[in-house]
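Chain and residue survey
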Number of protein chains: 2
Amino acid sequence: MLNRVNLLVMAVAQVRDVAALAGVSPATVSNALNHPAKVSPATLARIQAAIDELGYIRNDAARQLRAGTNHAIGMIVLDIANPFFTDVARGVEDVLIAESRPLILGNSAQEPSRETSYLDLFEQQRMSGVLITPVGDVMDRLRRLRDRGTSVVLVDRMSRAKEFSSVSIDDKMGGRIATEHLLEIGRRRIGFIGGPAGLAQVKTRLAAARTAAEKHGSGEIVFVETETMNAQAGRWGAEQLLELPRKQRPDAVFAANDLVALGVLQALTLAGVRVPDDIAIIGYDDIEFAASAAIPLSSVRQPAQQLGSAAATLLLDVIADPAGSTVKHTTLKPELVVRRSTAGA
Amino acid sequence: MLNRVNLLVMAVAQVRDVAALAGVSPATVSNALNHPAKVSPATLARIQAAIDELGYIRNDAARQLRAGTNHAIGMIVLDIANPFFTDVARGVEDVLIAESRPLILGNSAQEPSRETSYLDLFEQQRMSGVLITPVGDVMDRLRRLRDRGTSVVLVDRMSRAKEFSSVSIDDKMGGRIATEHLLEIGRRRIGFIGGPAGLAQVKTRLAAARTAAEKHGSGEIVFVETETMNAQAGRWGAEQLLELPRKQRPDAVFAANDLVALGVLQALTLAGVRVPDDIAIIGYDDIEFAASAAIPLSSVRQPAQQLGSAAATLLLDVIADPAGSTVKHTTLKPELVVRRSTAGA
DNA sequence: CGGCGCGATTGAATCGTTCCAATTTGCCTT
DNA sequence: AAGGCAAATTGGAACGATTCAATCGCGCCG
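For every chain, the first residue of the written sequence is number 1, and numbering continues from 1 along that sequence. For this description, chains carry letters from A and ligands carry numbers from 1, given in the order in which they are written. Local features in this predicted model are restricted to residues of pLDDT 70 or higher, and side-chain atom pairs are both shown and tallied only at a pLDDT of 80 or more, whereas totals for entire chains, interfaces and linings draw on every residue. Values shown for side chains rest on all heavy atoms present in the structure; no hydrogens or waters enter the calculation.

**As for the environment of Asn59(A)**
This is how it is decided: In this text, helices come from DSSP runs of H or I with a minimum length of four residues, and strands from runs of E with a minimum of two, each type numbered from the N-terminal end. Throughout this description, buried means an accessible area under 20% of the type-specific maximum (1.4 Å probe, protein chains only), exposed means over 50%, and partly exposed covers the range between. Contacts are assigned to residue pairs that have any heavy atoms within 4.5 Å of one another.
With respect to the helices and strands, the residue Asn59(A) is situated in the loop between helix 4 (41-54) and helix 5 (60-67). Judged by relative accessible area, Asn59(A) falls into the partly exposed class, the value being 25%. Contacts of Asn59(A), omitting those with residues within four sequence positions, involve Leu65(B), Gln124(B) and Arg126(B).

**With respect to the protein's contact with DNA strand C**
Condition: Nearness is defined per residue: one heavy atom within 4 Å of the molecule or strand is enough. Think of a polar contact as two N or O atoms within 3.5 Å of one another; within protein, one of them needs to be a possible hydrogen donor and the other a possible acceptor, and neighboring residues in sequence only count if both atoms come from side chains. Residue polarity is assigned by list, with Asp, Glu, Lys and Arg as charged and Ala, Val, Leu, Ile, Met, Phe, Trp, Tyr, Cys and Pro as nonpolar; anything else, Gly included, falls into the polar class.
Taken together, 23 residues surround DNA strand C, and among them Ser25(A), Thr28(A), Thr43(A), Val15(B) and Tyr56(B) come closest. The sugar-phosphate backbone supplies 70% of the atoms of DNA strand C found within 4 Å of the protein. Take Thr28(A): an N or O atom from its side chain is 2.7 Å from a phosphate oxygen of DNA strand C. If you list the elements that add at least two residues to the surface near DNA strand C, you get helix 3 (26-34) and helix 5 of chain A together with helix 3 (26-34) and helix 5 (60-67) of chain B. Residue composition of the surface near DNA strand C, grouped by class: eight nonpolar, 10 polar and five charged.

**Re the interface of chain A and chain B**
What counts is decided by this rule: By convention, the term buried area covers the 1.4 Å-probe accessible surface removed from two parts as they join, with the contributions of both added. Each reported salt bridge corresponds to a side-chain nitrogen of Lys or Arg within 4 Å of a carboxyl oxygen of Asp or Glu.
Each side of the interface is counted separately: chain A has 45 residues, and chain B has 44 residues. Summed over both sides, the interface between chain A and chain B buries roughly 4100 Å², with carbon and sulfur atoms accounting for 57% of that surface. For chain A, the biggest contributors to the area lost against chain B are Ile57(A), Gln124(A) and Phe289(A); these three give 14% of the whole. The interface formed by chain A and chain B contains two salt bridges.

**A word on the protein's contact with DNA strand D**
What surrounds DNA strand D is a group of 24 residues, the closest being Val15(A), Arg63(A), Ser25(B), Thr28(B) and Thr43(B). Near the protein, within 4 Å, the atoms of DNA strand D are sugar or phosphate in 71% of cases. Side-chain polar atom of Thr28(B) to a phosphate oxygen of DNA strand D: 2.8 Å apart, as the coordinates give it. A distance of 3.0 Å separates a base nitrogen of DNA strand D from a polar atom in the side chain of Arg66(B). For the surface near DNA strand D, the secondary-structure elements that each account for two or more residues are helix 3 and helix 5 of chain A together with helix 3 and helix 5 of chain B. Per-element tally for the surface near DNA strand D: the top contributor is helix 5 of chain A, with four residues.

**Thoughts on the nonpolar core**
Definition in use: Remark: nonpolar core denotes a set of buried residues (Ala, Val, Leu, Ile, Met, Phe, Trp, Tyr, Cys) joined through side-chain atoms within 4.5 Å.
Core analysis: the biggest nonpolar cluster contains 187 residues, and Leu142(A) and Leu142(B) have the highest contact counts within it. In this structure Leu142(A) touches Leu119(A), Ile132(A), Val152(A), Leu154(A) and Phe164(A), once residues within four positions along its chain are discounted.

**Observations regarding the relation of the copies chain A and chain B**
Test applied: Our superposition of the copies is a least-squares fit, built on the C-alpha atoms of residues whose pLDDT is at least 70 in both.
In screw terms, the move from chain A to chain B is a rotation of 180° and a rise of 0.0 Å along the axis, fitting with an RMSD of 0.1 Å. What we have between these two chains is a two-fold relation. Minimal C-alpha distance to the rotation axis in chain A is attained by Ala294(A), lying at 1.6 Å. In this assembly, 98% of the residues forming the interface of chain A have copies in chain B that are likewise at the interface, indicating an isologous arrangement.

**Focus on the sheet that holds strand 6 (residues 189-194) of chain A**
One key point about sheets: their strands pair by backbone hydrogen bonds, in either a parallel or an antiparallel sense. Residues and elements named next belong to chain A. Cut-off, in case you're wondering: Between any two strands, at least two bridges found by DSSP are needed for them to pair. A fitted line through C-alpha atoms represents every axis, and for helices the fit uses only the stretch in contact; the resulting angles, taken between N-to-C directions, go from 0 to 180 degrees.
An order of 7-6-8-9 is seen for the four strands of this open sheet, with the pairing classed as parallel. Strands at the two margins of the open sheet, each flanked by one partner only, are strand 7 (220-225) and strand 9 (280-282). In this sheet, neighbouring strand axes are inclined to one another by 20° on average, regardless of whether the strands run parallel or antiparallel. Both strand 8 (residues 252-255) and strand 9 contribute to a ladder of three bridges, which runs parallel. Bridge pairing in strand 9 links phenylalanine 254 to isoleucine 282. Along the sheet, helix 12 (residues 258-270) makes contact with strand 6, strand 8 and strand 9, crossing strand 9 at roughly 160°.

**Let's talk about the pattern of salt bridges**
Residues and elements named next belong to chain A. Counted according to the given criterion, the structure contains 35 salt bridges over all chains. Salt-bridge contacts for glutamate 163 lead to arginine 146; the nearest nitrogen and oxygen are separated by 4.0 Å. Taken together, the residues glutamate 163 in the loop between strand 4 (151-155) and strand 5 (165-169) and arginine 146 in helix 8 (residues 139-147) connect sequence positions 17 residues apart. Judged by its relative accessible area of 33%, arginine 146 is partly exposed. Connected through shared salt-bridge partners, Asp120, Glu123, Arg141, Arg144 and Arg148 make up one network.

**Section: helix 2 (residues 15-22) of chain A**
Residue and element names in this part refer to chain A. Our working rule: Read the arc as the range of directions from the helix axis to the C-beta atoms.
Residues Val18, Ala19 and Ala22 constitute the buried set of helix 2. On an axial view of helix 2, the arc spanned by its buried residues comes to 100°, and they lie on one face. Phi turns positive one or two residues past the end of helix 2, at glycine 23, with a value near 70°.

**Side note on the layout of surface pockets**
For clarity, the threshold we go by: Both site types are read off a 1 Å grid over the protein atoms alone. A 1.4 Å probe that fits but cannot get out defines a cavity, while an open set with protein on both sides within 12 Å along at least five of seven lines defines a pocket; lining residues have an atom within 4 Å of a point. Grid points are joined across faces, edges and corners, and a volume is the space filled by probe spheres set on the points.
Quantified by volume, the second largest pocket comes out at close to 1100 Å³. Put simply, the parts of the chain that give the lining of the second largest pocket at least two residues each are helix 1 (2-8), helix 2, helix 3 and helix 5 of chain A together with strand 3 (127-132), strand 4 (151-155) and helix 14 (304-320) of chain B. Split by residue class, the lining of the second largest pocket holds 19 nonpolar, 14 polar and 12 charged.

**Looking at the confidence of the model for chain A**
Note the following rule: On a range of 0 to 100, pLDDT expresses the predictor's confidence in each residue.
Summarising the model, chain A shows a mean pLDDT of 92, and 95% of its residues fall at 70 or more. In the predicted structure, residues 1-9 of chain A sits below a pLDDT of 50 and forms two contacts with residues beyond four places in sequence or in another chain.

**Focus on the domain arrangement of chain A**
Where we set the bar: An automatic or database domain assignment is the source of the domain bounds shown.
What the domain assignment lists for chain A is domain 1 (2-58), domain 2 (70-169 + 305-333) and domain 3 (171-302 + 336-342). Computed from C-alpha atoms alone, the centre-to-centre distance between domain 1 of chain A and domain 3 of chain A is 62 Å.

**Comments concerning the packing of helix 2 (residues 15-22) of chain B against helix 4 (residues 41-54) of chain B**
The geometry of a pair of packed helices is captured by two quantities: the angle between their axes and the separation between those axes. Residue and element names in this part refer to chain B. Inclusion rule: Each angle receives one of four descriptions, namely roughly parallel if under 35 degrees, roughly antiparallel if over 145, roughly perpendicular if within 65 to 115, and oblique otherwise. Two helices cross in a left-handed way if the nearer one is turned anticlockwise from the farther one by less than a right angle. They cross in a right-handed way if the turn is clockwise.
Packing of helix 2 against helix 4 leaves a shortest axis separation of 9 Å and a crossing angle of 125°. Between helix 2 and helix 4, the interaxial angle falls into the category oblique. Note on packing geometry: the crossing formed by helix 2 with helix 4 is right-handed. Of helix 4, the residues touching helix 2 (which contributes Asp17, Val18, Leu21 and Ala22) are Arg46, Ile47, Ala50, Ile51, Glu53 and Leu54. For the contact of helix 2 with helix 4, the per-class residue count stands at seven nonpolar, no polar and three charged.

Here is the structure:
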């Protein structure tokens, strides 16, 4: 019956068609594709020719079903519109492409519901590995994922319980050096803008800033919590600060990332506030656009691409040896980059 | 035997386990999941309870194999590091999430080989739809994809042969209005920086610029071809212009996108060239960072998110009715945004 | 010259779900 | 009360590849 159909509708070629054309069995075609060493060179060539002639493309669903696992790697980033995360993704991509493993990129946009739906997807797909910068409380989900055979590596976030391997950048240090820098140039009231407060990166950077201010003695942190971390949130945050009574207005802003910092810069400039004279600004990430901003932005540089490639490499290790008893945590160091937005006294 | 294994290794639950626990057949569970209307409310509840208790997650590979098609949509963008494309992607995401269709995002990084490997992936996965901004010559691949049942919509690029539906932004108009603007503020020699020249967007914008210059009479276009279109390419392109003999040096630059424009701005500023006095600059896309640049950048605004959502919507239409005889081309209009980089005479 | 061993090849079972046709259940109509 | 009909449920055959044990050929050694 299939044969009759073939005459009418040019059906898509399958292994058995390739096998028939090459004069071998389907099993041999499969071997040629997956274990070429097992097949004699002559047969290999004949099969390859048949594949080309028929334009055969294997059906991944069937393959995965039988194999039990998906070759692809899933990644969930916090915000695809933030150049920091696209840089991380590129680092990941570079490593995975070399292994010819497809990368499935999902954007949680800092929304737990979207994060969850991507986790659902990855779980249904039986991904072999997942890279995630978590937003919501997903530890249970990740544990289940791992129990089902999907390896997990946390990106830019240490696992509290230390149960998952992770690659992160030292946010404590970053928060500290940014704050110390502002204190050193003589600022005392520092507005910290970012959020939501529950986000690990925000929490840690803020805590480190507070610690540094306390240690200094006369420093003080004013926290303005935002819902997300883009330029719009930055503009909103700056407006909050400007509404404060004159005496409570900060003389510096520490933005939780560069997008926020750029928004702050815009709003302050628009309001006639001089940067850095009246209010200094420091951002975080050192995205490419920080240097080319109206007033070039000081920032805490994070090695984004390196973070990505380290995470991908680590994930591949975990996949290769899931039972590997050692959970590994790699921490990279951030670096202070001083530009005009915090220049001079 | 499976039962014995179950006692030892807590195997992952499958439909038949859920069915057994709920006291129904696997077929009913499947119906509950896929055609709830066919199942009585009481049974539905029992099955749901069983699913929750066992933590059942369906195996997408098996599902796809039987269903013959993947519910997900694939998208290949030119450059994930370009905010324009991430904006487009967000527009797409918004539409797809509402339909609860996963989006698989691939980055060709303007490399034909990567584009091809993503097409391979999408073909193997039997995606139900693909959105693509092509780099290389992939028309044959796309045709094959379509013949196999994957719907295709081109983004930001009209299909020459008009055989695929597309959503694009009028590059001819964009090239024209940018050039006319430069001519109007008195510039005559315009450096066009972008590439590779084969890229549709570059080709069209450049041609439109040339046409506008010709029509004007005394305008002239100097084309500097770059390999890619990021800030680094912009810096390189600017250096090429600066190396020209004084008399041949342009008095304006039309950058093929804003990333390039920002690079040009950096390099010119570094070389002591005054913008816009000595050389005016206009970019393309009007990404968010254009407005907050050291010298706020004039640009040709493209409605990126709108482009994305239009493309996604169109793709869903095509998927719903692949035989729909009408190939549709939607074209959106760009808009001139004048800022300081082309201000004054 | 027969048997042995080894690489190459194959048949048939299998992965977990969906789909179709067929069956059962329960209710309404006459 | 019997027949008919719709709704709910079910058994079992797909989907298309991979895998493993079993078979086939063939050269070589004793």
